[in-house]
Amino acid sequence: MKFINYLEKITGVDIYAMSAFGIFFTIFIVMAIWAFKADRQLLTKINSLPLDNQ
Amino acid sequence: MNENVSLADSPSQPPDMGHKSLQVEQFSYDNKSVQLFAFATIFWSVIGMLAGLLAAVELYYPGANLNLPATTFGRVRPVHTNAVIFAFVGNGIFMGVYYSLQRLCKARMFSDKLSRIHFWGWQTIIVVGAVSLLAGYTSGKEYAELEWPVDIAITFIWVIFGINIFGTILKRRESHLYVAIWFYIATWVTVAMLHIVNSFERPFSWFKSYSWYAGVQDALVQWWYGHNAVAFFLTTPYLGLMYYFLPKAANRPVYSYRLSIIHFWSLIFIYIWAGPHHLLYTALPDWAQSLGVVFSVMLIAPSWGGMLNGLFTLRGAWDKVREDPILKFMVVAVTCYGMATLEGPMLSLKSVNAISHFTDWTIAHVHIGALGWNGFLTFGVLYWILPRIYNTPLYSKKLAGTHFWFGTIGIVLYAVPLYWAGFTQSMMWKSFTEEGQLKYQFLETVTQIIPLYITRSIGGTLYLSGVLIMVYNLYKTVKAGHLVKDEATSAYPLPKAITTHGKEHWHRWIERRPVQMLVLSLVAVAIGGILEMVPTFLIKSNIPTIAAVKPYTPLELQGRDIYIREGCYNCHSQMIRPFRDEVARYGDYSKAGEFVYDHPFQWGSKRTGPDLAREGGKYPDSWHYNHMMDPRIMSPGSIMPNYPWLLSNEIDTASTAAKIRAMQSLGVPYRSGYDALANTDLQTQARGIREQLAKDKIKTAPNAEILAVIAYLQRLGTDIKSVKP
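Residues numbered from 1 in each chain as written. Chains lettered and ligands numbered in written order. Predicted model: local features only at pLDDT ≥ 70, side-chain atom pairs only at ≥ 80, totals over all residues. Heavy atoms only, no water.

1. Overview of the overall build of chain A
To be explicit about the condition: In this description a helix means any DSSP run of H or I spanning at least four residues, a strand means any run of E spanning at least two, and both kinds are numbered starting from the N terminus. Each residue's exposure class comes from its accessible area (1.4 Å probe, protein chains only) as a fraction of the maximum for that residue type: buried when under 20%, exposed when over 50%, partly exposed otherwise. Here, Shrake-Rupley sampling with a 1.4 Å probe gives the accessible areas, and only protein chains in the shown set may cover a residue.
For chain A, the count of helices and strands is three helices and zero strands. Along chain A, helices (α) and strands (β) appear in the sequence α-α-α when read from the amino end. Scored against the burial criterion, the 54 residues of chain A give a buried share of 41%. Summed over its atoms, the accessible surface of chain A is roughly 3100 Å², and 65% of this surface lies on carbon and sulfur atoms.

The structure is reproduced here in structure tokens:
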């Protein structure tokens with residue numbers, strides 16, 4: 001008896017995994033682009049927030 | 001180190017939006033909550049590590065449990081793991097979040113009352129949890145052992161915590177959200193999701209339940225949970241703490257803020273998918289295993305990005321590190337984070353996993369994370385925070401340095417022997433003689449590594465001694481100071497409207513709306529997470545059933561519940577992987593269809609004892625009787641605990657009907673009305689076993705629990721065995 005790959009037997013099961021992956025990946029890309037485009041001064045400012053007050 | 005403690009300092013600068021008319025607001029930070037959580041994390045670190053030490057000693061000296069049910073390994077080990085994760089690290093998270101969130105938002109925590117409910121609620125959960133685990137109330141799923149009433153309480157308190165942090169973020173006086181806050185929020189959302197999904201269970205009494213899922217599904221959900229609990233309880237919140245307290249302690253900003261953003265998004269994006277690496281070579285479908293491996297390997301990138309970001313923050317300040325014990329703790333913590341996150345992906349490679357899985361290698365790996373990363377970062381933060389909220393210097397820097405060395409040597413003495421033990425045992429399991437026979441009995445592979453277990457417990461003792469030095473040091477510090485309950489400060493409020501000049505870029509738009517972005521992205525993460533789980537729910541009706549696999553008889557079911565109660569799964573797996581040595585040692589490898597009635601699954605994760613998936617029919621009933629009474633009668637040198645109370649305790653037959661009904665509601669095909677008849681069948685089967693035992697001159701009470709345990713053990717794996725002689 002072989003039980004591997006039984007998930008493939010549900011029709012359309014991959015759509016769930018694919019959409020989840022799509023959502024995650026889109027957010028990741030958007031944020032990555034943002035991080036590279038963001039204003040250096042702004043980043044420096046945010047970066048110093050912990051040191052701002054005691 | 002404490003010379004620049006200033007409590008009421010002047011507000012830095014008015015917000016940059018050009019609203020000079022805004023008035024400075026006076027307010028205070030709540031240090032009382034920080035103090036409470038700090039004391040709690042100290043207290044539970046000692047308790048949790050003592051439990052760990054007891055468990056470690058029991059592995060070479062089983063008598064250390066004094067033959068009491070509550071102190072046997074199977075019950076102490078969950079107390080240890082739950083205590084260090086949810087009590088020690090949990091309170092550590094709350095301490096750090098309550099301290100840093102207020103300061104990063106320039107606002108007091110949203111509600112003092114909620115803070116207090118959060119604190120006392122969490123401690124109550126811990127105490128009730130520990131007592132119930134010792135009493136044998138467990139769901140039988142690792143790191144999620146707590147039973148359903150406690151699960152509900154956890155959900156409630158977690159919501160309180162959420163309201164408190166989101167409330168604080170909403171009333172903040174700083175428009176930008178520092179990266180640490182993003183880590184905190186991701187922690188909150190994901191832990192909520194993990195906890196709820198994994199805790200679906202069907203209660204059948206006021207404190208006991210069966211997992212909603214069965215077999216393969218249960219395993220998939222459990223390890224999706226287990227892996228992400230490591231990610232989102234032990235890692236993301238602590239990364240938040242690193243991003244706040246490391247700059248604080250070093251008095252310089254993080255090396256690259258850009259990197260920290262990438263670190264955050266790639267980490268939460270990738271982590272979510274890596275769970276199946278806990279189930280390599282099991283009956284889990286292949287594609288899910290491969291997905292787990294690929295994403296686990298990808299995890300190296302963000303993890304190392306984060307580690308380097310932390311370490312580079314100290315570039316040019318290494319002289320400071322040599323001086324300051326706080327920075328020393330933090331550097332080792334971050335380094336251990338890097339080591340553990342390099343090793344993790346490595347352990348996810350199928351070829352490595354084939355060797356490491358089920359051995360002490362895993363235990364060594366998690367302790368690099370637990371003792372090094374979580375432990376040392378907590379200590380660093382404690383040494384940093386307590387003097388500040390008590391407005392006094394640390395009692396002794398030298399003692400903190402001593403603590404550091406005890407801890408570091410403790411980690412080495414803990415981990416190295418276990419790596420060795422894991423490797424040795426795995427090699428012995430897989431050795432064949434020239435004639436093609438297994439070279440070693442299982443027991444030989446156990447006795448071989450006993451000296452390494454002893455060394456490990458010495459390492460643990462050293463680490464715990466370091467913690468005790470810290471307790472003394474911090475006690476002296478607190479005695480000398482005075483808690484500044486409400487730390488006065490001031491800041492400009494946020495301007496009501498934000499004016500913009502010129503053309504807006506989309507990324508500016510994002511920058512202006514941190515909270516909206518936050519909510520949006522978290523909704524997305526939640527949707528993604530749920531979508532990911534859907535196939536798991538769908539396969540319920542699609543798992544191929546094996547005609548020969550039948551539901552447990554009432555007696556076997558009772559025996560299985562005793563097996564769960566005693567925590568046998570902490571030492572025994574029930575999952576034979578398709579390897580030559582495992583098939584030779586334990587029998588035909590495990591199939592998905594064999595577990596369809598297993599609520600919860602009991603695959604286990606560690607083989608301190610041999611696999612039991614095909615234990616049925618291997619020995620006569622009397623062998624099990626004697627072995628459970630005292631394993632050393634049948635297996636000299638065994639480290640399995642004695643279970644003498646199983647011989648005298650009576651089976652709880654009053655619960656049989658409710659258990660059958662609960663199983664029916666979960667889809668186990670007992671015929672309708674069977675609940676009323678179940679005890680009759682139970683008695684009949686028990687009588688049969690009693691008669692078997694009587695033939696070997698063993699007298700048992702008619703309802704002794706041992707009969708149920710024997711019934712269960714003799715049933716294990718026989719569905720398929722009987723098909724193929």
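Next comes the rest of the description.
2. Digging into a nonpolar patch on the surface
We apply this condition: Patches here are clusters of residues that have more than 30% relative accessible area and form no salt bridge, with a 9 Å joining cutoff for like charges and a 5 Å cutoff for nonpolar side chains (Val, Leu, Ile, Met, Phe, Trp, Tyr). By definition, a salt bridge exists where a carboxyl oxygen of Asp or Glu is found within 4 Å of a side-chain nitrogen of Lys or Arg.
A grouping of A:Phe25, A:Ile29 and A:Ile33 is seen on the molecular surface, where their side chains present a nonpolar patch of about 230 Å² in accessible area. Mapping A:Ile33 onto the fold places it in helix H1 (residues 14-37).

3. Let's talk about the confidence of the model for chain B
Residues and elements named next belong to chain B. Defined as follows: A residue's pLDDT is the confidence the predictor assigns to it, expressed on a 0 to 100 scale. Only heavy atoms matter for contacts: two residues are in contact if any of them lie within 4.5 Å across the pair.
When the pLDDT values of chain B are averaged, the result is 89; 91% of them are 70 or greater. Considering only residues more than four positions removed or in separate chains, one finds that residues 1-12, a stretch of pLDDT under 50, has 30 contacts. Note that residues 14-18 has pLDDT below 50 and, in this model, 10 contacts with residues that lie over four places away or in other chains. The ipTM assigned to the predicted complex is 0.77, against a pTM of 0.92.

4. As for the side chain of B:Asn164
Residue and element names in this part refer to chain B. One can find asparagine 164 in helix H4 (residues 148-170). In this structure asparagine 164 comes out as buried when scored by relative accessible area, which is 0%. Excluding residues within four positions of it along the chain, asparagine 164 makes contact with Tyr98, Met109, Phe110, Ser111, Leu114 and Ser115.

5. Here's the deal with the environment of B:Tyr643
Residue and element names in this part refer to chain B. For tyrosine 643, the location among the structural elements is in the loop between helix H22 (631-634) and helix H23 (645-648). Among the residues examined, tyrosine 643 registers a relative accessible area of 5% and is labelled buried. On a C-alpha basis, the gap between tyrosine 643 and proline 631 in space is 8.7 Å, while along the polypeptide they are 12 residues apart. When neighbours within four sequence positions are excluded, tyrosine 643 is seen to be in contact with Thr72, Glu566, Met628 and Met629.

6. A look at the domain arrangement of chain B
Residues and elements named next belong to chain B. Short version of the rule: The split of the chain into domains comes from an automatic or database domain assignment. When two components associate, each loses some accessible surface as probed by a 1.4 Å sphere; the sum of these losses over both components is called the buried area. Definition of a polar contact: a pair of N or O atoms within 3.5 Å, with one able to donate and the other able to accept a hydrogen when the atoms are protein atoms, and with sequence-neighbouring residues admitted only if both atoms are side-chain atoms. In this classification, Asp, Glu, Lys and Arg are treated as charged, Ala, Val, Leu, Ile, Met, Phe, Trp, Tyr, Cys and Pro as nonpolar, and every other residue, Gly included, as polar.
Along its sequence, chain B is carved into domain 1 (30-176) and domain 2 (554-715). A C-alpha centroid distance of 33 Å is found between domain 1 and domain 2. Tallying the contact residues gives 21 residues for domain 1 and 21 residues for domain 2. Of the roughly 1500 Å² buried at the junction of domain 1 and domain 2 (both faces included), carbon and sulfur atoms supply 56%. Inspection of the region where domain 1 meets domain 2 yields one salt bridge. Measuring nitrogen to oxygen at the nearest pair gives 3.1 Å for the salt bridge that ties arginine 75 to glutamate 566. Across the domain 1-domain 2 interface, the total number found is seven residue pairs in polar contact (both at pLDDT 80 or more). When residues in the side of domain 1 that touches domain 2 are grouped by element, the largest group, five residues, is from helix H2 (residues 73-105). Across the side of domain 1 that touches domain 2, the residue classes tally to seven nonpolar, eight polar and six charged.

7. Regarding the nonpolar core
All names here are of chain B. Note the following rule: Side-chain atoms within 4.5 Å link the members of a nonpolar core, which is a set of buried Ala, Val, Leu, Ile, Met, Phe, Trp, Tyr and Cys residues.
In terms of nonpolar packing, the biggest core is built from 188 residues, with Trp122, Tyr178 and Phe379 touching the most fellow members. If you tally residues by element for this core, the top one is helix H6 (residues 215-250), at 22 residues. Both domains that furnish three or more residues to this core are identified here as domain 1 (30-176) and domain 2 (554-715). When near neighbours in sequence (up to four residues on either side) are disregarded, phenylalanine 379 contacts Met49, Phe88, Phe329, His403, Tyr463, Val467 and Met470. With 46 residues, the next largest nonpolar core counts Val549, Val596, Tyr643 and Val668 among its residues.

8. Things to note about the confidence of the model for chain A
If pLDDT is low for a region, its predicted coordinates should not be looked at in detail. Averaged over every residue, the pLDDT of chain A is 70; the share at 70 or more is 67%. When pLDDT is averaged over each element of chain A, helix H2 (residues 40-47) of chain A comes out on top at 86 and H1(A) at the bottom at 78.

9. Some details on the UniProt feature "domain: Cytochrome c" (unreviewed entry) in chain B
Rules: UniProt positions are given in the numbering used here, feature names are shortened, and annotations may be inferred rather than shown by experiment.
The feature "domain: Cytochrome c" (unreviewed entry), as given by UniProt, occupies residues 554-717 of chain B in the numbering adopted here. Taken as a whole, residues 554-717 of chain B contains 48% helix and 0% strand, while its terminal C-alpha atoms sit 17 Å from one another.

10. Examining the packing of helix H7 (residues 257-271) of chain B against helix H9 (residues 300-312) of chain B
All names here are of chain B. Here is the rule we go by: Axes, fitted as lines to C-alpha atoms, cover a helix only where it is in contact. Angles between the N-to-C directions of the axes lie from 0 to 180 degrees. Geometric relationships in this document are graded by angle, where less than 35 degrees denotes roughly parallel, more than 145 denotes roughly antiparallel, 65 to 115 denotes roughly perpendicular, and other angles denote oblique. Crossing handedness follows the turn of the near helix against the far one: under a right angle anticlockwise gives a left-handed crossing, and clockwise gives a right-handed one.
H9 packs onto H7 with a crossing angle of 150° between their chain directions and a minimal axis gap of 8 Å. As the angle between them shows, H7 and H9 are arranged roughly antiparallel. Along this stretch, H7 crosses H9, giving a crossing that reads as left-handed. Residues Leu259, Ser260, His263, Ser266, Leu267 and Ile270 of H7 form the contact with H9, whose own contacting residues are Pro302, Ser303, Gly305, Gly306 and Asn309. Split by residue class, the contact of H7 with H9 holds four nonpolar, seven polar and no charged.

11. A few points about the environment of B:Arg456
Residue and element names in this part refer to chain B. Here arginine 456 is to be found in helix H16 (residues 450-480). Here arginine 456 falls in the buried class, since its relative accessible area comes to 5%. Taking the C-alpha atoms as reference points, arginine 456 and alanine 364, separated by 92 residues in sequence, lie 9.6 Å from one another. Among residues more than four places away in sequence, those in contact with arginine 456 are Ala56, Leu59, Ile363, Leu413, Tyr414, Pro417 and Leu418. Of the polar contacts made by the side chain of arginine 456, one reaches the side chain of tyrosine 414; its length is 2.9 Å.

12. Quick word on the packing of aromatic side chains
Residues and elements named next belong to chain B. Put simply, the rule is: Within 6.5 Å between ring centres, the rings of Phe, Tyr and Trp (the latter by its six-membered ring) count as paired, and their orientation is classed by plane angle as stacked under 30 degrees, edge-to-face over 60, tilted in between. For a ring to carry a charge above it, either NZ of a lysine or CZ of an arginine must fall within 6 Å of the ring centroid while also lying within 35 degrees of the normal to the ring plane.
Under the counting rule described, the total for this entry stands at 57 aromatic pairs over all chains. Arranged with centres 4.8 Å apart and planes meeting at 85°, the rings of phenylalanine 119 and tryptophan 120 form a pair that is edge-to-face. Among the aromatic side chains, those forming a connected cluster through ring pairs are Phe37, Phe86, Phe94, Tyr98, Phe119, Trp120, Trp122, Trp158, Phe161 and Phe233. It is arginine 173 that lies over the ring of phenylalanine 27; its NZ or CZ is 3.9 Å from the centre. Residue placement shows lysine 591 over the ring face of tyrosine 589; its charged tip is 4.2 Å from the ring centre.

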